[in-house]
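# A structural walkthrough
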Amino acid sequence: MTADLQINGISCGYRNRAVIRDITLPLLEPGAIVALIGPNGAGKSTLLRGLAGLLPVTGSVTLDGQELVHLPAPRRADLVGFMPQSVIGRVGLSVLECVMTALPRHSPDGMEADVAALAVLARLGADDLANRAVGQLSGGQRQAVGLAVAIARDPKLLLLDEPTSALDLARRHMIMQHVRDLTHDGRIAIVVLHDLAYAAQWADRIAVLHEGRLFAFGTPDEVLTPDMLRQVYRIEARVERCSAGRLQIMTDGAATLTQQEARR
Ligand SMILES: Nc1ncnc2c1ncn2[C@@H]1O[C@H](COP(=O)(O)OP(=O)(O)OP(=O)(O)O)[C@@H](O)[C@H]1O
């Protein structure tokens, strides 16, 4: 499976509120992990919702030459897997049933939905949760289920909104390793991450959103600079390489947020 993705002039928002303004990214190659970063309120979730088809958008999103913007929802669901920031448990559903809701009743290879859903959970090491009620899971367990729902249809494009925010170190690593494995055979993942060192560790490219616009796009080395941190995050910080060669952000300077920014 391979996919390339072209995002061209995307704008979206809510009722009377434009949030994302005219975002264009360079062509994303098959297998890319793109970290979407930016301060609170920058528009990261809104952009993912727009790409997932949950908000009306203007502009063009082409996956493997196929325009997604006006694609009917069921067809889009075959191509795009979305994991929202809060994976709200559907009261009364078991984990298995929750994953089954993302699947067609019979998959093209003839597998029944419950067998297919169990296989997806097993792939994430979460099959032991299959019979638990979603509403009774911990935050981290819900995130694993959210990822299972997103990947259930084997989509070419994964849109993951803070998939590791409720996870401990080991589970965080495991989930990102799964994302890496999923992209190895050509899928593309766009992943909202707040931990910039983590974004540097896992992402091939980083897109920085600032006030609904694309502030920067490039490799972690190109994008994670003291100047970007000052302008976008309003903090004085150093960017250093640890002995293992990874980028580290040292935020020993004072933040210069206005009161309005701090409230976001
Ligand atoms: N459902 C909504 N209706 C109206 N405005 C919204 C809605 N959701 C978000 N917004 C607004 O859109 C702007 C961008 O929010 P968004 O959640 O996309 O930012 P974000 O970068 O994902 O933030 P965070 O890092 O805090 O999750 C904010 O000003 C927010 O108040």
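Residues numbered from 1 in each chain as written. Predicted model: local features only at pLDDT ≥ 70, side-chain atom pairs only at ≥ 80, totals over all residues. Heavy atoms only, no water.

### Re the site of the ligand
The environment of the ligand is formed by 15 residues, the closest being Arg17, Gly41, Lys44, Ser45 and Thr46. Interatomic distance of 3.1 Å between a backbone N/O atom of alanine 42 and an oxygen atom of the ligand. For the ligand, an oxygen atom lies 2.7 Å from a polar atom in the side chain of lysine 44. Considering the ligand on its own, with 640 Å² of exposed area, one finds that the protein chains cover 65% of that surface. When contributions to the shell around the ligand are tallied by element, the ones reaching two or more residues are β2 (17–23) and α1 (44–52). At four residues, the largest contribution of residues to the shell around the ligand is made by α1. A class-by-class count of the residues in the shell around the ligand yields four nonpolar, seven polar and four charged. (Near = heavy atom within 4 Å. Polar contact = N/O pair within 3.5 Å; in protein donor to acceptor, adjacent residues only side chain to side chain. Areas by Shrake-Rupley, 256 points an atom, 1.4 Å probe, with all protein chains shown as cover. Helix = DSSP H or I, 4+ residues; strand = E, 2+ residues; numbered from the N terminus. Nonpolar A, V, L, I, M, F, W, Y, C, P; charged D, E, K, R; others polar.)

### A few points about helix α5 (residues 139–151)
With 13 residues, α5 should reach 18 Å at 1.5 Å per residue; the first-to-last C-alpha distance of 19 Å fits that figure. Along its buried surface, α5 packs onto β6 (80–83), α3 (95–100), α4 (113–123), β7 (157–161) and α6 (169–184). (Expected span 1.5 Å × (residues − 1). Contact = heavy atoms within 4.5 Å.)

### A word on the sheet that holds β2
The strands making up a sheet are joined through hydrogen bonds of the backbone, oriented either antiparallel or parallel. Taken together, four strands build an open sheet; the order of strands is β2-β1-β4-β5 and the sheet is antiparallel. What marks the edges here is a single partner per strand, and that holds for β2 and β5 (66–67). Where strand β1 (residues 5–14) lies against strand β4 (residues 57–63), six bridges are found, and the strand directions are antiparallel. Bridged to leucine 5 within β4 is leucine 63. (Pairing = 2+ DSSP bridges.)

### Comments concerning the pairing of β4
The pairing of β4 with β5 spans two bridges and is classified as antiparallel. The residue bridging leucine 63 from the neighbouring strand is glutamine 66, located in β5. Where β4 folds back onto β5 in an antiparallel hairpin, the turn is made up of two residues, including aspartate 64, whose phi is positive at roughly 55°.

### Describing the pattern of salt bridges
On inspection of all chains with the given rule, the structure shows 12 salt bridges. Taking the shortest distance from any N to any O, the salt bridge between arginine 187 and aspartate 154 comes out at 2.3 Å. Of this pair, arginine 187 sits in the loop between α6 and β8 (188–192) while aspartate 154 is found in the loop between α5 and β7, placing the two residues 33 residues apart along the sequence. The partner of glutamate 236 in a salt bridge is arginine 230, with the nearest N and O atoms 3.0 Å apart. (Salt bridge = Lys/Arg side-chain N within 4 Å of Asp/Glu carboxyl O.)

The values are spatial; any link to function lies outside them.
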